[in-house]
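Residue-level structure breakdown
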Amino acid sequence: MTVHTTLDSPLGELLLIGDVRPDGTLALTSLSVPGQKGGAAAAADSRPDPAVFAEVVRQLDAYFAGDLHDFDLPMASRGSAFQERIWAAIDEIPYGTTTTYGAIAERVGTSRAGVRAVGTAIGANPLLLVRPCHRVIGADGALRGYAGGLERKEYLLAHEGAILARVR
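No experiment lies behind these values; they were computed from the predicted model shown. Within each chain, residue numbers correspond to sequence positions counted from 1 in written order. For a predicted model such as this one, the threshold for reporting local features is a pLDDT of at least 70, and the threshold for listing and counting side-chain atom pairs is 80 or more; totals across whole chains, interfaces and linings nevertheless cover every residue. As a rule here, side-chain values come from all non-hydrogen atoms in the structure, and water together with hydrogens is ignored.

**Here's the deal with the overall build of the chain**
Secondary structure elements are defined from DSSP: runs of H or I of at least 4 residues count as helices, runs of E of at least 2 residues count as strands, and each element is numbered from the N terminus. Helix and strand counts for the chain come out as five helices and six strands. What you see in the chain, going N to C, is helices and strands ordered as β-β-β-β-α-α-β-α-α-β-α. Relative to the globule expectation of 15 Å for 168 residues, the C-alpha radius of gyration of the chain, 16 Å, shows essentially globular dimensions. The cut-offs for exposure are 20% and 50% of the maximum accessible area for each residue type, with area from a 1.4 Å probe on protein chains only; residues under the lower value are buried, those over the upper are exposed, and the others partly exposed. Relative to its full complement of 168 residues, the chain shows a buried share of 45%. Any two residues whose heavy atoms approach within 4.5 Å are treated as being in contact. Sequence-distant contacts, at least 24 apart, represent 56% of the contacts inside the chain between residues at least 6 apart. On the chain, roughly 8,400 Å² of surface is accessible, and the fraction owed to carbon and sulfur atoms is 53%. A radius of gyration in this sense is built from C-alpha atoms; the matching globule rule multiplies 2.2 Å by the number of residues raised to 0.38. Residue-level accessible areas treat just the shown protein chains as cover; the underlying method is Shrake-Rupley with a 1.4 Å probe.

Written out as structure tokens, the structure reads:
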């Protein structure tokens with residue numbers, strides 16, 4: 001059964017979508033923000049169920065409070081084998097650090113020419129924030145390509161201490 005809820009956050013309202021397993025536990029399948037490129041929407045047969053997301057909400061609140069650095073949530077992504085390899089590499093990027101698209105390509109055995117495909121796979125990440133694609137930056141240090149918007153990417157990296165926030 002597919003369920004969903006929303007949560008107010010410093011990034012705006014988060015849409016959480018998950019599947020309830022036969023044992024009653026939740027597997028998070030999507031976390032998206034308003035205006036996200038390729039962001040999910042709750043399906044017509046999905047039902048609102050905030051209670052089943054209690055642990056997800058607890059961990060997100062702790063992350064935004066600065067008390068949690070690593071999410072420990074059951075997740076069920078649905079991607080191609082290539083996307084899954086890229087997403088697994090993203091899951092390994094430590095809190096407060098960044099890496100580059102080229103480094104991810106190298107880590108999964110993709111040629112430098114495949115960096116664009118890596119970027120596309122990263123952009124298709126359905127679990128924004130909890131799978132930390134915001135920690136992937138350009139080789140020149142520039143913040144590039146974040147489905148949730150570069151302002152959110154900058155906020156998350158500054159929140160984690162990976163960059164200094166820019167004064168606007």
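**A short note on the packing of aromatic side chains**
To describe a pair of aromatic rings, you give the distance between the ring centres and the angle between the ring planes. Any pair of Phe, Tyr and Trp rings, taking the six-membered ring for Trp, is counted once the centres come within 6.5 Å. Such a pair is stacked with planes under 30 degrees apart, edge-to-face with planes over 60 apart, and tilted for the rest. Tallied over the entire structure, the rule returns three aromatic pairs. Arranged with centres 5.4 Å apart and planes meeting at 35°, the rings of Tyr63 and Phe71 form a pair that is tilted. Pairing Tyr63 with Tyr95 gives two aromatic rings, centres 6.3 Å apart and planes at 85°, and the pair type is edge-to-face. Of this pair, Tyr63 sits in helix α1 (residues 54-64) while Tyr95 sits in the loop between α2 (81-91) and β5 (99-100), and the two are 32 residues apart along the sequence. The burial state of Tyr63 is the same as that of Tyr95; both residues are buried. Site record: aromatic cluster; members linked through ring pairs are Tyr63, Phe64, Phe71 and Tyr95.

**Quick word on the nonpolar core**
Each nonpolar core is a collection of buried residues, namely Ala, Val, Leu, Ile, Met, Phe, Trp, Tyr and Cys, held together in the definition by side-chain atoms within 4.5 Å. By size, the foremost hydrophobic cluster in this structure holds 39 residues, and its most contacted members are Leu14, Leu60 and Ile86. At the level of elements, β1 (2-9), β2 (12-20), β3 (26-32), α1, α2, α3 (101-107) and α4 (115-123) are the ones that each hand at least two residues to this core. In terms of residues, this core owes the most to one element, α1, which gives five residues. Here Leu14 is in contact with Thr5, Thr6, Leu7, Ser9, Leu31, Ser32, Val33, Leu60 and Phe64, once residues within four sequence places are set aside.

**Some thoughts on the side chain of Gln36**
With respect to the helices and strands, Gln36 occurs in the loop between β3 and β4 (47-48). Note on Gln36: relative accessible area 10%, which makes it buried. Side-chain polar atoms of Gln36 contact the backbone nitrogen of Val33, separated by 3.0 Å. Aside from chain neighbours lying at most four places away, what touches Gln36 is Leu31, Asn125, Leu128, Ala147 and Gly148. Distance and chemistry together define a polar contact, namely a pair of N or O atoms within 3.5 Å, with one atom able to donate a hydrogen and the other to accept it when in protein, and with adjacent residues in sequence counting only for side-chain atoms on both sides.

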